[in-house]
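Chain by chain, the residues:
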Amino acid sequence: MQSLQNITSKFIPLRIENVDTDQIIPARFLKATTKDGFGKNLFRDWRYENDDETKPKADFVLNQAQYSGAILVAAKNFGCGSSREHAAWSILDYGFKVVVSSFFADIFKNNALNNGVLPVTVSDAFLQQIFAQGPNDTLSIDLAAQTITIDATGAFETFEISAYKKTCLLNGYDDIDYLLSMRDEIAAFEAK
Amino acid sequence: MGNTLFGKIWDKHVVKQITDGPSVLYIDKHFIHEVTSPQAFTGIEKRGASIFRPAQIVATADHNVPTMNQHLPIADQLSRFQVDTLIDNCNKHGVTLYGLGHPNQGIVHVIGPELGITQPGMTIVCGDSHTSTHGAFGSVAFGIGTSEVEMVFASQCIMQTKPKTMRIHIEGGLNTGVVSKDIILYIIAKISASGATGYFVEYAGSAIRALSMEARMTICNMSIEMGARGGMIAPDQTTFDYIQGRMFAPKGADWEHQLAEWKTLYSDADAHFDMEIHIDAADIEPMITYGTNPGMGLSVTGALPTMESFTDATEKQNYEKALKYMGLTAGQSLLGTPVQNVFIGSCTNSRIEDFRLVASIIKGKQKDPAVKTLIVPGSQEVAKQIKQEGLDKIFEAAGIEIRQAGCSACLGMNEDKIPAGEYCVSTSNRNFEGRQGAGARTMLVSPLTAAAALLTGKITDIRTLLN
């Protein structure tokens, strides 16, 4: 897993609530047996008319040239529904490093963290402040300090993340190596 | 202070608590399937590690399999490769696989309980959000991502933060025409698609106690649709009777020993829950969803919310988006809406009792000729029971074909899809945009309400057919 450092970036505003993982990556793309190349199908059916890449839907924010950046900002309950980690792989492969919302579904949040994508939970009011910014405005995320700042106004909030997960992200550590190192301890637990 | 049912099981499975971090939680049973496991197998192989406890893993092929002609090679090349990859991986790593053609094959959340693998007090995970189904047996069961599948391969543990607890009491007798699917659709409509996020839910009360195991599974199955980490029901005599004698159930002295243990699995009288919700069963009517998340549900005789009922601008905008997708109007009633498709199946409602319910309504009648059907048993065993009980004859006489076991049109990964713009009255669990095929319009209902639509070709109050 790649480590995550401080980020200052423009952002893509997705003013949709309850974005489920079927929208993030439709089931027909889950036939893959690797983690690669999901970015091109991110939000596939919101992005294209009749699944046709030559017909981007002009009203969808990913197709609007003025918006870009490594931060996706979405309305509440982002990532609900299916546990498919392909959703996190799609977001990462598309180029996002951070997703901001006022509320995340639990499984998505874990999946994002396990792939080095940082979910940042902000208050409803702060989310609205972000949505009020223009396409050239930037957000800054300081993971060590656990802050997210709207650079144009200086307004900021602190966000929650466990000390353990923060260390993992900052250093690119992954849980699986840690658990492999615990095998003796786990075998002892089984024997009890 | 006493402990909750959830707390008792969780605490017993914590190998280690990381300071200001998650718990290392031991997993008793790990179910896997073809869609969310291949990258985890690749991952563990890349690390040069073996699977730590292969005997605690059970695999099946369900999400991406055809539901016709399963004896033939899978036509879709990608699907075939994915299913073959599962076979290779299971062979290589010594994992039990109930693949296509095996009598134990079926939807992972149908076969686990059916085979007696799912038992009270266990921790159970699977790379599938509907793993909460197994909570009906008083187990702590929940869906995980593929990285977590790899964690369990590596160590038979996952890293997990202990969720908060919620208890939902449903008291009283159910109204005529109301079954367990209506109870859970009612709860989700009441608390919303995110109302239980961060919580593990226990369902309790006299209405729950009166339900069969299959009906309880339907309820626990949809816990995720309100955001819950999982859902569970304390085991009782109904649970023990269901398990006893099944293929992998404990036998002899082991059964007696386990049973004594299982009888300690309940929330203590003074247990603390972070949230408690009380529901009167008498308030629940046959339910249906009208929108694009499972929280957008109402009584089948009800009217859709009016535009004026929304104060928040974003919520209003989202409601408009859902109505446009569904081709519906604010304030309208759904009764009489023409239905082009009926899907009966999925890990929510594809068990033998579901087929019995549908058969009881369609017996001696013909389906509406305009309705296209996808009728899919949850497992080979359910398909066998359907034949043994002669239900297949009832469906056949009604002009309805029964397919072979798999997830089918619940998620539209195989060829079982609903055409764009058409309505599908569905016993599955999700009505998301495109869930059953690009542009498909899903309305979630109970098997009874689905049976009513089969006969009438429109949204119908099942109670009008019961008299």
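A brief report on the enclosed structure follows. (Residues numbered from 1 in each chain as written. Chains lettered and ligands numbered in written order. Predicted model: local features only at pLDDT ≥ 70, side-chain atom pairs only at ≥ 80, totals over all residues. Heavy atoms only, no water.)

**Quick word on the pairing of strand β8 (residues 157-160) of chain B**
Residue and element names in this part refer to chain B. Side chains Cys157 and Met159 project from β8 onto one buried face, and the interleaved Ile158 and Gln160 project onto a second face that is buried too. One ladder, built from 4 bridges, connects strand β2 (residues 23-26) with β8; its direction is antiparallel. The residue bridging Val24 from the neighbouring strand is Met159, located in β8. (Buried < 20%, exposed > 50% of the residue type's maximum accessible area, 1.4 Å probe, protein only. Helix = DSSP H or I, 4+ residues; strand = E, 2+ residues; numbered from the N terminus. Pairing = 2+ DSSP bridges.)

**Remarks on the nonpolar core**
If you look at the biggest cluster of nonpolar residues, it comprises 91 residues, and the most contacted ones within it are B:Ile32, B:Phe153, B:Ile168, B:Ile170, B:Ile187, B:Tyr203 and B:Met226. If we skip the residues at most four places from it in the chain, B:Ile32 touches B:Ser37, B:Phe41, B:Ile57, B:Val58, B:Ala59, B:Thr60, B:Leu86, B:Cys90, B:Val95, B:Val149 and B:Phe153. (Core = buried A, V, L, I, M, F, W, Y, C linked by side-chain atoms within 4.5 Å. Contact = heavy atoms within 4.5 Å.)

**Describing the pattern of salt bridges**
Scanning the entire structure with this criterion turns up 30 salt bridges over all chains. A salt bridge links B:Asp392 to B:Lys393, with the shortest nitrogen-to-oxygen separation between them at 3.6 Å. Salt bridges linked by common partners bring A:Arg28, A:Arg44, A:Asp45, A:Asp51 and A:Glu53 together as one network. (Salt bridge = Lys/Arg side-chain N within 4 Å of Asp/Glu carboxyl O.)

**What about helix α3 (residues 86-94) of chain A?**
For α3(A), every residue scored as buried is listed here: A:His86, A:Ala87, A:Ala88, A:Trp89, A:Ser90 and A:Ile91. Residues of α3(A) that are buried in the fold lie against α1 (21-24), β3 (98-101) and α4 (106-113) of chain A together with α2 (38-46) and α5 (146-155) of chain B. Where α3(A) ends, the next residue or the one after it, A:Gly95, has phi of about 120 degrees, a positive value.

**A few points about the packing of aromatic side chains**
Scanning the entire structure with this criterion turns up 19 aromatic pairs over all chains. Linked through ring pairs, A:Phe43, A:Trp46 and A:Phe60 together constitute an aromatic cluster. The side chain of B:Lys8 reaches across the aromatic face of B:Tyr266, ending 4.1 Å from its centre. (Phe/Tyr/Trp six-rings, centres within 6.5 Å; stacked < 30°, edge-to-face > 60°. Lys NZ or Arg CZ within 6 Å of the ring centre and 35° of its normal.)

**Quick notes on the packing of α2(B) against α5(B)**
Residue and element names in this part refer to chain B. The contact between α2 and α5 brings their axes to 8 Å, and the two run at 50 degrees. Viewed along their axes, α2 and α5 adopt a mutual orientation that is oblique. The two elements α2 and α5 cross, and the hand of that crossing is right-handed. The residues of α5 that touch α2, namely those facing Gln39, Ala40, Phe41, Gly43 and Ile44, are Thr146, Val149, Glu150, Phe153 and Ala154. (Axes fitted to C-alpha atoms, helices over the stretch in contact; angles between N-to-C directions. Parallel < 35°, antiparallel > 145°, perpendicular 65-115°, else oblique. Left-handed = near helix turned anticlockwise from the far one by under 90°.)

**So, the side chain of B:Asn431**
Residues and elements named next belong to chain B. Here Asn431 lies in the loop between β17 (423-426) and β18 (441-444). Looking at Asn431, its side chain comes within polar contact range of the side chain of Thr289, at 3.2 Å. Of the polar contacts made by the side chain of Asn431, one reaches the backbone oxygen of Gly291; its length is 3.1 Å. If near-sequence neighbours (up to four positions away) are discounted, Asn431 is found in contact with Thr289, Gly291, Thr292, Asn293, Pro294, Thr442 and Leu444. (Polar contact = N/O pair within 3.5 Å; in protein donor to acceptor, adjacent residues only side chain to side chain.)

**A few points about the side chain of B:Gln436**
Residue and element names in this part refer to chain B. Topologically, Gln436 is positioned in the loop between β17 and β18. Here Ala409 takes part through its backbone oxygen, which lies 3.0 Å from a polar atom of the side chain of Gln436. In terms of polar contacts, Gln436 uses its side chain to reach the side chain of Ser426, at 3.3 Å. Leave out the neighbours within four places in its chain, and Gln436 touches Phe343, Ala409, Cys410, Lys417, Ile418, Cys424, Ser426, Ser428 and Thr442.

**Concerning the interface of chain A and chain B**
Between chain A and chain B, the contact holds 53 residues from the first and 70 residues from the second. Buried area between chain A and chain B, both sides added, is near 4800 Å², and the carbon and sulfur share of it is 57%. When the buried surface of chain A facing chain B is broken down by residue, A:Lys31, A:Thr33 and A:Arg183 rank first, second and third, together holding 15% of it. Scanning the region where chain A abuts chain B turns up 6 salt bridges. (Buried area = accessible area lost by both parts, 1.4 Å probe.)

**Side note on helix α6 (residues 180-191) of chain B**
All names here are of chain B. The terminal C-alpha atoms of α6, which comprises 12 residues, lie 17 Å apart, in line with the 16 Å expected from a rise of 1.5 Å per residue. Of all 12 residues making up α6, 10 are buried, and the element is well covered by its neighbours. By the burial criterion, the buried members of α6 are Ser180, Lys181, Asp182, Ile183, Ile184, Leu185, Tyr186, Ile187, Ile188 and Ile191. Ser192 occupies a position one or two residues after α6 and carries a positive phi of about 85 degrees. (Expected span 1.5 Å × (residues − 1).)

**Thoughts on the packing of α3(A) against α4(A)**
Residue and element names in this part refer to chain A. Look at α3 against α4: their axes get within 9 Å of each other, and the N-to-C directions meet at 50 degrees. Relative to α4, the element α3 lies oblique. Two packed elements cross with a definite hand, and for α3 against α4 that hand is right-handed. When α3 is examined against α4, the residues Ala87, Ala88 and Ile91 are found in contact with a partner set consisting of Phe108, Asn111 and Ala112. Residue composition of the contact of α3 with α4, grouped by class: 5 nonpolar, 1 polar and no charged. (Nonpolar A, V, L, I, M, F, W, Y, C, P; charged D, E, K, R; others polar.)

**Brief notes about the pairing of β3(A)**
Residue and element names in this part refer to chain A. Of the two faces of β3, both are covered, the one formed by Val98 and Val100 as well as the one formed by Val99 and Ser101. Note that strand β2 (residues 71-74) and β3 share 3 bridges and pair parallel. Each residue of the ladder has a partner; that of Val73, found in β3, is Val100. Considered for its hand, the β-α-β crossover made up of β2, α3 and β3 is right-handed. Where β3 lies against strand β4 (residues 118-121), 4 bridges are found, and the strand directions are parallel. Note on β4: the bridge partner recorded for Val100 is Val120. (Right-handed = clockwise from strand over helix to strand, strands pointing away.)

**Some words on empty space enclosed by the protein**
Under the counting rule described, the total for this entry stands at 2 cavities of 30 Å³ or more. By volume, the largest cavity is sized at about 210 Å³. Along its surface, the largest cavity is lined by 24 residues, and B:His63, B:Asp128, B:His130, B:Leu411 and B:Arg435 are the ones closest to its centre. When grouped by side-chain class, the residues that make up the lining of the largest cavity number 8 nonpolar, 11 polar and 5 charged. Considering only enclosed or pocket space, the second largest cavity measures out at about 110 Å³ in volume. Looking at the second largest cavity, it is lined by 15 residues, and the ones nearest its centre are A:Cys80, A:Gly81, A:Ala105, B:Ile224 and B:Gly227. Of the residues assigned to the lining of the second largest cavity, the class counts are 8 nonpolar, 4 polar and 3 charged. (1 Å grid on protein atoms, 1.4 Å probe; cavity = no way out; pocket = protein on both sides within 12 Å on 5 of 7 lines; lining within 4 Å. Points joined across faces, edges and corners; volume = space filled by probe spheres on them.)

Purely spatial values, then, with no claim about function.
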